[in-house]
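Notes for the structure review
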Amino acid sequence: MKNSILVFLITIILFSCDSKTENTMTVSGTIAGLKKGTLYLQKAQDSTLVNIDSITIKGNGAFSFSYEIETPELFYLYLDKADNNDINDRITFFGEPGEIIINTAWNTFDSNLKITGSKSNQKYVEFQEMLSKFNTREFELARALLPVEDVITETEIDSIVNLRDKNLLRRYQYVLNFGLTNPESYVTPYVTLVEASDANPKYLDSIFNSLNKEVANSKYGKKLKVYLENLN
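In what follows, the accompanying structure is described. (Residues numbered from 1 in each chain as written. Predicted model: local features only at pLDDT ≥ 70, side-chain atom pairs only at ≥ 80, totals over all residues. Heavy atoms only, no water.)

Glancing now at the packing of aromatic side chains. When we look at a pair of aromatic rings, we describe it by the centre distance and by the angle of the planes. One pass over the structure, following the stated rule, counts 13 aromatic pairs. With centroids separated by 6.1 Å and ring planes inclined at 35°, the aromatic side chains of F134 and Y174 adopt a geometry described as tilted. In this pair, F134 is assigned in helix 2 (residues 119–144) and Y174 in helix 3 (residues 154–181), connecting sequence segments 40 residues apart. Side by side, F134 and Y174 carry an identical accessibility label, which is buried. Through successive ring pairs, a cluster of aromatic residues spans F94, Y124, Y190 and Y220. (Phe/Tyr/Trp six-rings, centres within 6.5 Å; stacked < 30°, edge-to-face > 60°. Helix = DSSP H or I, 4+ residues; strand = E, 2+ residues; numbered from the N terminus. Buried < 20%, exposed > 50% of the residue type's maximum accessible area, 1.4 Å probe, protein only.)

Here it is in structure tokens:
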């Protein structure tokens with residue numbers, strides 16, 4: 001009887017190991033300080049976030065998910081701490097096949113974190129960090145137009161509006177240049193669709209045509225292709 005149980009357990013372990021393929025994405029890590037909560041692995045489907053898997057965490061905050069992925073794409077980790085507060089409870093990352101490690105803390109879940117193991121996510125973070133500088137500048141210039149004690153002159157308004165236009169232009173230039181200089185990145189078609197879909201179609205065509213074969217045939221590469229076809 002004992003031998004039968006042992007064989008059964010070994011079979012389960014071997015099956016679990018064999019079930020992983022070259023397309024398996026494993027996301028694991030630790031949420032420091034979390035004593036109790038539910039963590040969800042999510043992805044976008046038809047403009048809605050859907051739960052792929054979930055795990056109830058008790059004790060040390062460790063977690064692990066495995067998911068078969070065709071091509072790199074955007075995923076989310078949503079932490080339900082049962083505190084009736086949905087702020088700062090979701091991590092966005094670019095997933096891809098392989099081992100991805102995400103370490104963070106329960107009280108700074110989406111801000112004080114470290115993600116390793118995904119080249120696509122490294123490129124995505126690089127893009128987002130630069131984009132945030134343009135967004136911060138836009139916010140500063142927008143605030144400058146708000147009513148204050150001192151009356152703002154028409155000349156000053158024109159100057160601020162001109163600066164906002166230049167900031168927006170530089171933002172577009174950065175996005176388009178990113179697309180043209182990163183044809184091998186799966187991030188490129190995604191950020192092109194999200195951040196520059198209203199740019200001149202000839203630039204979008206240039207970005208798509210520069211993509212390498214694998215990226216062009218990826219989830220977001222195909223979406224960019226369909227988007228361009230619908231523009232014609």
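In this section: helix 3. Taking 1.5 Å as the rise per residue, helix 3 with 28 residues should run 40 Å; its terminal C-alpha atoms sit 40 Å apart, in good agreement. For helix 3, the secondary structure elements touched by its buried residues are helix 2, helix 4 (187–196) and helix 5 (201–210). (Expected span 1.5 Å × (residues − 1). Contact = heavy atoms within 4.5 Å.)

This paragraph deals with the packing of helix 4 against helix 7 (residues 219–231). Relative orientation of the contacting elements helix 4 and helix 7 amounts to 40°, with a least axis distance of 8 Å. Classed by the angle they form, the pair helix 4 and helix 7 counts as oblique. Note on packing geometry: the crossing formed by helix 4 with helix 7 is left-handed. When helix 4 is examined against helix 7, the residues P189, Y190, T192 and L193 are found in contact with a partner set consisting of Y220, G221, K223, L224 and Y227. Residues that form the contact of helix 4 with helix 7 fall into these classes: 6 nonpolar, 2 polar and 1 charged. (Axes fitted to C-alpha atoms, helices over the stretch in contact; angles between N-to-C directions. Parallel < 35°, antiparallel > 145°, perpendicular 65-115°, else oblique. Left-handed = near helix turned anticlockwise from the far one by under 90°. Nonpolar A, V, L, I, M, F, W, Y, C, P; charged D, E, K, R; others polar.)

Inspection of the entire model under this criterion finds 8 salt bridges. Two residues, D89 and K81, come together in a salt bridge whose shortest N-O distance is 2.6 Å. Pair check on accessibility: D89 and K81 agree, each one buried. Linking E138 and R164 is a salt bridge whose minimum nitrogen-to-oxygen distance equals 2.4 Å. One end of the pair, E138, is in helix 2; the other, R164, is in helix 3, and 26 residues separate them in sequence. One salt-bridge network, held together by shared partners, links K43, E73 and K219. (Salt bridge = Lys/Arg side-chain N within 4 Å of Asp/Glu carboxyl O.)

The nonpolar side chains of a soluble globular protein tend to be buried, and buried together. Core analysis: the largest hydrophobic core is formed by 26 residues, its most contacted members being L74, F94, Y124, F127, Y174, Y190 and V191. Elements that contribute at least two residues to this core include exactly strand 5 (73–80), helix 2, helix 3, helix 4, helix 5, helix 6 (213–216) and helix 7. Top contributing element to this core by residue count: helix 4, with 5 residues. Sequence-distant contacts of Y190, that is, excluding residues within four places in its chain, are made with L74, F94, Y124 and Y220. Formed by 19 residues, the second largest nonpolar core is a distinct cluster that contains M25, V27, F63 and I100. (Core = buried A, V, L, I, M, F, W, Y, C linked by side-chain atoms within 4.5 Å.)

Right, let's get into the pairing of strand 2 (residues 36–45). Remember that side chains alternate between the two faces of the sheet whenever the strand is regular. Sheet topology places strand 2 next to strand 3 (residues 48–58); 10 bridges connect them, and they run antiparallel. Looking at strand 3, one finds that T38 is bridged to T56. Counting the residues in the hairpin turn of strand 2 and strand 3 gives 2 residues, including D46, whose phi is positive at 55°. As defined by bridge partners, strand 2 adjoins strand 5 across 5 bridges and the pair is classed as antiparallel. Its bridge partner being in strand 5, Y40 is matched across the sheet by Y78. (Pairing = 2+ DSSP bridges.)

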